[in-house]
Amino acid sequence: MTAATLTIDLSAIVANWRALDRLTDCDTGATIKADAYGLGAERVGKALAAAGVRTFFVALAEEGVRLRRALGQGPAIYVFSGHMAGDAERIRQADLTPMINSIDQLLTHVEALPGHAFGIQLDTGMNRLGMEPAEWSALREIALAQKSRLVMSHLACADEPDHAMNRYQLDTFEDMTRGIDAPRSLAATGGILLGERYHFDLTRPGVGLYGGLPFVDATPVVTLDVPVIQVRDVAPGESVGYANAFVAKKPTRVATVAAGYADGIFRAMGGKASFTDHDGHKLPVLGRVSMDLITIDVSSLSQTPETLQLLGQHQSVDTVADYAGTIGYEILTSLGARYDRVYRT
Ligand SMILES: *Cc1c(COP(=O)(O)O)cnc(C)c1O
C-alpha cells in the first residue's frame, strides 16, 4: 500500500474531553466544526456522544445537518454562523440551534421559524462575530422574551493567559449578560485553562480534544505513518530534489516517502521539518517538499523502516506546526484526503 496511514485515536479524544470536563464544574460541550478539525465529524461526534457529550458546536448549518444524521435526535447542535439566508429548512429538519449574530439574523429566524430554538452570540471585543454592546442593548429584551437557549461570546487571546484582553472580554461579557436566565458560555479550550471565572455554564473546547495546544496535558490523537518508497545513497556534492535545494556535504542515505504538500504537509516546512522513526529518532527532511514525495535523511539509522512518522507520540501537531510557522489547528484541518484513515477506539 502506498497511501500514508492516518490513525485517529477516538479513545484519546474522549479522554481529552473528560480531562477538560474535569477542569470545570460546569457542562462541557464539544466543538467539531470543520469536520472535527479534519478528523471526521461523524466518527468523532458519535464517539463523544457515546461518552455522554450532549452539546455540539459546528460552524455551518450544512455541517450541522451531516452531524445530526450521524448522531440522531437528542444532542443539541449549535451553529456559530447563525441563521443565514436559505438555512431555514436545514435548521428545522435537522433541529439545529443557530447562534444569532445580528438583528437581521434574529428577524430572519423568528420570521422563518417562529418558536424554533436559537442562541445569541455576543461580540465582546474580537470584532469578528456576534452582536456588539449597542446592538445587544437595543435587542436584549426582545431576544430574551423569545427564550434564547444559550448566550455566548468568544475570547481572542485565551492562549495567552496574561493578556489583558482576557479580563477585558470577561468584564464585557459579564456586563452584557447580567441578570439573564439563559445559560452562558465564554470558554473554548484556552478559556477553560484561564480558570473558574471564565467557565460560566458551558464550555466549548475544540483543539484540546484533538491533542493540540493550549491544552498541554492533551493525549496525542493523530499518528501519521508514511511509507518509504525508495532508499538511495547520495555522494558528497550530489543534490536532492527540486532546485537542488539540498547538496550533500558527506555521504548521505536518503529515503523518499509517499506524501507531500498535496496531503497538507506544507511546502513551507521545507528545510526545517523532521520525521521520526518509531523510536523517536529525528530524521531531517532534505530539500523541498514535493506534491507527492518528501526526501528524508536516514543516514543515522542502521536500517530504514518501512514507514516514517510525521505525527505521533514523538511529534505533536504543534511541533509540526512550528516547522511550517503555523498553528496546530491548521495542521489538523489540512490533513490530506488521500490518507488511509484508521480509527482506533
Ligand atoms: C473554534 C471555536 C471554538 C473552539 O475553539 P478551540 O480553541 O479549538 O477550543 C469555540 N468557540 C468558537 C466560537 C469557535 O469559533
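Thresholds applied
- All residue numbers here refer to positions counted from 1 along the written sequence of the relevant chain.
- With pLDDT at 70 or above as the cut-off, local features in this predicted model cover only qualifying residues; side-chain atom pairs require 80 or more to be listed or tallied, and sums for whole chains, interfaces and linings still use all residues.
- Excluding hydrogens and water, the side-chain values take into account all heavy atoms of the structure.
- Put simply, a residue is near a molecule or strand once any heavy atom of it comes within 4 Å of that molecule or strand.
- Identification of polar contacts relies on pairs of N or O atoms within 3.5 Å, with a donor-acceptor requirement for protein atoms, meaning one able to donate a hydrogen and the other able to accept it, and with residues adjacent in sequence counted only if both atoms are side-chain atoms.
- Each accessible area is a Shrake-Rupley estimate made with a 1.4 Å probe; only the visible protein chains count as cover when residues are assessed.
- The pocket and cavity definitions rest on a 1 Å grid over protein atoms only: a 1.4 Å probe that fits but cannot leave marks a cavity, an open set with protein on both sides within 12 Å along at least five of seven lines marks a pocket, and residues lining either have an atom within 4 Å of a point.
- If over half the atoms of a molecule are within 2 Å of the grid points of a cavity or pocket, the molecule is regarded as sitting in it.
- Side-chain classes are defined by residue name, with Ala, Val, Leu, Ile, Met, Phe, Trp, Tyr, Cys and Pro counting as nonpolar, Asp, Glu, Lys and Arg as charged, and the others, Gly among them, as polar.
- UniProt positions are given in the numbering used here, feature names are shortened, and annotations may be inferred rather than shown by experiment.
- A run of H or I in DSSP becomes a helix once it reaches four residues, and a run of E becomes a strand once it reaches two; helices and strands are each numbered from the N terminus.
- We call a residue buried when its accessible area falls under 20% of the maximum for its residue type, exposed when it is over 50%, and partly exposed in between, using a 1.4 Å probe and counting protein chains only.
- By definition in these notes, contact holds between two residues if any of their heavy atoms fall within 4.5 Å.
- Grid points are joined across faces, edges and corners, and a volume is the space filled by probe spheres set on the points.
- Reported domain spans reflect what an automatic or database domain assignment gives.
- Any two rings among Phe, Tyr and Trp, with Trp reduced to its six-membered ring, count as a pair given centres within 6.5 Å; such a pair is stacked if its planes are under 30 degrees apart, edge-to-face if over 60, and tilted if neither.

Focus on the site of the ligand
By nearness alone, 15 residues border the ligand, and K33, Y37, T189, V207 and Y329 come closest of all. Taking H154, its side chain carries an N or O atom lying 3.4 Å from a nitrogen atom of the ligand. Here an oxygen atom of the ligand and a side-chain polar atom of T189 are 2.5 Å apart. For the ligand, whose free accessible area comes to 380 Å², the fraction covered by protein is 91%. With respect to the detected pockets, the ligand is housed in the largest pocket. The residue inventory of the shell around the ligand, partitioned by class, reads seven nonpolar, five polar and three charged.

Topic: the UniProt feature "binding site: substrate" (unreviewed entry) in the protein chain
The UniProt feature table records "binding site: substrate" (unreviewed entry) at R128 and M291. Across 164 residues, the annotated set is spatially dispersed, with a maximum C-alpha separation of 34.2 Å. Filtering the just-named annotated residues for those lining the largest cavity gives R128. For R128, the location among the structural elements is in the loop between strand 7 (119–121) and helix 7 (133–145). Looking at where M291 falls in the secondary structure, it is placed in the loop between strand 16 (282–284) and strand 17 (294–297). When its relative accessible area of 42% is taken as the criterion, M291 is described as partly exposed. The residues contacting M291, other than those within four sequence positions of it, are A259, G260, Y261, A262, D263 and R338.

Comments concerning the layout of surface pockets
Of the voids in this model, the largest pocket is the one considered here, and its volume is about 710 Å³. Lining the largest pocket are 36 residues; nearest its centre among them are K33, H154, L155, A188 and Y329. Among the domains, domain 1 (10–210) and domain 2 (222–344) are the pair contributing at least three residues each to the lining of the largest pocket. Taken as a whole, the second largest pocket holds about 170 Å³ of empty space. Lining the second largest pocket are 13 residues, with V240, G241, T256, I294 and T295 sitting closest to its centre. Sorting the residues of the lining of the second largest pocket by element identifies strand 11 (222–234), strand 12 (239–240), strand 14 (252–257) and strand 17 as the ones contributing at least two each. Residue classes in the lining of the second largest pocket are distributed as six nonpolar, five polar and two charged.

Observations regarding the packing of aromatic side chains
Applying the stated criterion across every chain, the model contains five aromatic pairs. Seen in terms of ring centroids, Y37 and Y210 are 4.7 Å apart; in terms of plane orientation they differ by 35 degrees. Their pairing is tilted. Taken together, the residues Y37 in helix 2 (residues 33–38) and Y210 in the loop between strand 10 (202–203) and strand 11 connect sequence positions 173 residues apart. One exposure class covers both Y37 and Y210, and it is buried. Measuring from ring centre to ring centre gives 5.0 Å for F173 and F200, while their planes differ by 90 degrees; the resulting arrangement is edge-to-face. Taken as a pair, F173 in helix 8 (residues 164–177) and F200 in the loop between helix 9 (189–193) and strand 10 lie far apart in primary sequence, 27 residues in all. Each member of the pair, F173 together with F200, is buried. Three or more aromatic residues joined by ring pairs make a cluster, and in this case those are Y37, Y210 and Y329.

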